[in-house]
Protein chains: 2
Amino acid sequence: MECGVSPIIGFRFSLYPMADDFVKVIKTALGETDTSNVWMHTDDVSTVIRGKQIHVFNVAKAIALSAAKTGKHIALSGTFSAGCPGDTAGDAYLDKSDEVANIDGTKQYVSSQFALYPMNNPSYMDIIYREVNRAKEEGVFNDTMQYASGIHGDIHDVFAFYEKAFSNARSDNHKHLVMTVSMSINSPSHGGR
Amino acid sequence: MECGVSPIIGFRFSLYPMADDFVKVIKTALGETDTSNVWMHTDDVSTVIRGKQIHVFNVAKAIALSAAKTGKHIALSGTFSAGCPGDTAGDAYLDKSDEVANIDGTKQYVSSQFALYPMNNPSYMDIIYREVNRAKEEGVFNDTMQYASGIHGDIHDVFAFYEKAFSNARSDNHKHLVMTVSMSINSPSHGGR
């Protein structure tokens, strides 16, 4: 198999509204988000979006921000992937311009955790530590913990960090990269932020 | 750094009840589960349990099954880890016997998705395909999809497969293994199962 010849970025995620009307919250968030720049498919467990990196991150943030505006406790959990050797060439809108479709600067505190998995790369631990240090420099680092790192702050800063980390943690020699992100918004556990 | 000298298995997860009384559902599920065989810590985004593999999987299943009994739509999403070179030796109950603490054979349909990430292993794609084929042989395979594989069936069969896959996908030479699992229970999207 050839590894990572495609520029496609994918994000397989689930949006979890902790609310009796979760169907409405999910449908509203997906409906309010302009997803025209990404290929999207939803099944009974998760949704996958695929396309250029800039659009995948833009759409992911827009869905989270839209659902957050309900004021309800929501979570967004998923996996960003690039360069997977098992990936297919199709189902991605790579001819789109770099102009993002969703622009909404509303501030929203998020607490999240992430982990980077650079595949088939002997130096992967160095890469992970480097990106965690970058989070500290950028002021979004929250906490050290087993199997993940805590990232928090305004949703725009947090997503900007994630997109940067995802770019920095892969290279031409090591194209297959996976990043898990678990994000919590409007939670009673956030200590009144 | 030395890689994977510890037999500790960890599972960092979040339980998401899609219900207004999500706090009660989570607390009840954690309260009804015997977690004495694992080290456990909860923060504002997730919970981590650590210990012997048999107990980590037993506790994870028991929490999901307990929450499922509310009849509400719940999700369990998380990452199993073994042999992480950044892991610490503490915070695990490795002196426990192999007798599991939670025994409840109640049937419960679950639909889930998983991905295996054998770290720093040039043969990792072969391992992934092998375990996906095992799912097909064992009758729990649901669907092929980008970045994950669908696994479904009775919760006991599904967890048995996951534990087996997690054992088979790591070796003495390649101890660092990560497996993401996203599980959906009592969902209106499951097509009336």
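Now for a look at the structure at hand. Keep in mind the model is a prediction, meaning the values are calculated, not measured.

**Some details on the nonpolar core**
In summary, soluble globular proteins display a tendency toward joint burial of nonpolar side chains.
So, point 1. A:Tyr162 and B:Tyr162 are the most contacted members of the largest nonpolar core, which has 99 residues in total.
So, point 2. The residues contacting B:Tyr162, other than those within four sequence positions of it, are B:Phe57, B:Ser112, B:Gln113, B:Phe114, B:Ile151, B:Met179, B:Val181 and B:Met183.
So, point 3. Residues A:Tyr16, A:Phe22, B:Tyr16 and B:Phe22 belong to the second largest nonpolar core, which totals 8 residues.

**Quick notes on the pairing of strand β8 (residues 177-185) of chain A**
A regular strand carries its side chains on alternate faces of the sheet.
Residue and element names in this part refer to chain A.
So, point 1. By the criterion of burial, β8 is predominantly enclosed, with 9 of the 9 residues buried.
So, point 2. Neither face of β8 is left uncovered, since the one carrying Leu 177, Met 179, Val 181, Met 183 and Ile 185 and the one carrying Val 178, Thr 180, Ser 182 and Ser 184 both have all their residues buried.
So, point 3. Relative to β8, strand β4 (residues 74-82) runs antiparallel, the two being bridged by 9 bridges. Looking at β8, one finds that Ser 77 is bridged to Ser 182.
So, point 4. Judged from the 9 bridges that link them, strand β5 (residues 109-118) and β8 form a sheet pairing that is antiparallel. Its bridge partner lying in β8, Val 110 is registered against Ile 185.

**Some thoughts on the environment of A:Thr70**
All names here are of chain A.
So, point 1. In this fold, Thr 70 is placed in the loop between α2 (53-68) and β4.
So, point 2. Residue classification places Thr 70 among the partly exposed positions, given a relative accessible area of 36%.
So, point 3. Considering only alpha carbons, one finds Thr 70 and Ala 29, 41 residues apart in sequence, at a separation of 9.4 Å.

**With respect to the relation of the copies chain B and chain A**
So, point 1. Take chain B, turn it by 180°, move it 0.0 Å along the axis, and it overlays chain A with an RMSD of 0.0 Å. Accordingly, the operation relating the two chain copies is best matched by a two-fold axis.
So, point 2. Looking at the interface residues of chain B, 100% of them are also at the interface in chain A, so both copies use one shared face.

**Points about the pairing of β5(A)**
So, point 1. For β5(A), the buried fraction is high: 10 of the 10 residues fall into the buried class.
So, point 2. Across the two faces of β5(A) the burial is the same, with A:Tyr109, A:Ser111, A:Gln113, A:Ala115 and A:Tyr117 and A:Val110, A:Ser112, A:Phe114, A:Leu116 and A:Pro118 all buried.

**Side note on helix α1 (residues 22-32) of chain A**
Residues and elements named next belong to chain A.
So, point 1. The set of residues buried in α1 consists of Phe 22, Val 25 and Ala 29. Along the long axis of α1, the arc covered by the buried residues comes to 65°, so they all point the same way. The exposed set on the far side of α1, more than 90 degrees from its buried face, consists of Lys 24, Lys 27 and Gly 31.
So, point 2. Tucked into the core, α1 has its buried residues touching β1 (9-17), α2 and β4.

**Brief notes about the sheet that holds β5(A)**
All names here are of chain A.
So, point 1. The sheet built from 8 strands is open, its strands ordered β2-β3-β1-β4-β8-β5-β7-β6 with antiparallel pairing. The open sheet has two edge strands with one neighbour each: β2 (39-42) and β6 (141-145). Mean inter-strand twist for the sheet, computed between neighbouring axes without regard to direction, equals 20°.
So, point 2. The strands touched by helix α4 (residues 155-168) within the sheet are β1, β4, β5, β7 (148-154) and β8, with β7 carrying the most contacts at an inclination of about 140°.

Reading guide: rules and limits
Residues numbered from 1 in each chain as written. Chains lettered and ligands numbered in written order. Predicted model: local features only at pLDDT ≥ 70, side-chain atom pairs only at ≥ 80, totals over all residues. Heavy atoms only, no water. Core = buried A, V, L, I, M, F, W, Y, C linked by side-chain atoms within 4.5 Å. Buried < 20%, exposed > 50% of the residue type's maximum accessible area, 1.4 Å probe, protein only. Contact = heavy atoms within 4.5 Å. Helix = DSSP H or I, 4+ residues; strand = E, 2+ residues; numbered from the N terminus. Pairing = 2+ DSSP bridges. Least-squares fit on C-alpha atoms with pLDDT ≥ 70 in both. Arc of directions from axis to C-beta. Axes fitted to C-alpha atoms, helices over the stretch in contact; angles between N-to-C directions.

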